[in-house]
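Each chain, letter by letter, is given below.
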Amino acid sequence: MTALSSCAAYPRLVNNPVDPGGRGLNSLAADLSPSISGRYIVFVSEREQRQDIYLYDRESQRTIALPGLNSLDTIAESPGVSADGRYIVFAGNRRGRSGIFIYDRETRQLRDLTENLDATVRNPSISANGSTVAFEANLNGQWDILVYNRNGQPFDLPTPVR
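Residues numbered from 1 in each chain as written. Predicted model: local features only at pLDDT ≥ 70, side-chain atom pairs only at ≥ 80, totals over all residues. Heavy atoms only, no water.

**Q** Now, about the pattern of salt bridges: what can you tell me, with residues and values included?
**A** What the rule picks out here adds up to 7 salt bridges. Of the charged contacts in the structure, one is a salt bridge between E59 and R39, with a shortest N-O distance of 3.3 Å. Remark: R39 occurs in the loop between β1 (31-37) and β2 (40-45) and E59 occurs in the loop between β3 (52-57) and β4 (62-64); sequence separation between them is 20 residues. What makes E59 exposed here is its relative accessible area of 60%. Each of R39, D57 and E59 takes part in salt bridges that share partners, so that together they form one network. (Salt bridge = Lys/Arg side-chain N within 4 Å of Asp/Glu carboxyl O. Helix = DSSP H or I, 4+ residues; strand = E, 2+ residues; numbered from the N terminus. Buried < 20%, exposed > 50% of the residue type's maximum accessible area, 1.4 Å probe, protein only.)

The following block contains the structure:
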């Protein structure tokens, strides 16, 4: 047998122990849908007996408070984060209606980007600078990809000539 010692350093496994207090990356609860951008990891966890979004800073090795983001009436999934950690986007179900939500950590504001869209939506992603959000929407019986700016305005993308 031959071992490739020159490759041993990459990729490497990072060991993040379970934090029973829920302040670390790993916990005793279900931690779901992690997404990484730069130094930040955003994920959904059931640490408080409900599905909330958590933001973990890999440099400080701690979770960051997100006041005004999580609420009892919203089931969150598929989060994403901008590279600087300012904007968090996620799919949510609030009062039986799906939406794509964006949270601004600087202003502590949460808004539904798709409140005027009559469609089921899912799987959002956010650009590195936080200016653009793409997601799937079920319009007219088929899933399409829509692209919005962070203010909730759809981009008018050209359609290919057929």
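**Q** Requested: an account of the nonpolar core, with residues and values cited.
**A** Core analysis: the biggest nonpolar cluster contains 15 residues, and I100, L117, V133, F135 and A137 have the highest contact counts within it. For this core, the secondary structure elements donating two or more residues are β6 (87-94), β7 (97-104), β9 (120-126), β10 (132-139) and β11 (142-149). Once residues within four sequence positions are removed from consideration, V133 is found in contact with V89, I100, I102, L113, P124, S125, I126, L146, V147 and Y148. Membership of the second largest hydrophobic core comes to 14 residues, among which are V42, L55, A76 and F90. (Core = buried A, V, L, I, M, F, W, Y, C linked by side-chain atoms within 4.5 Å. Contact = heavy atoms within 4.5 Å.)

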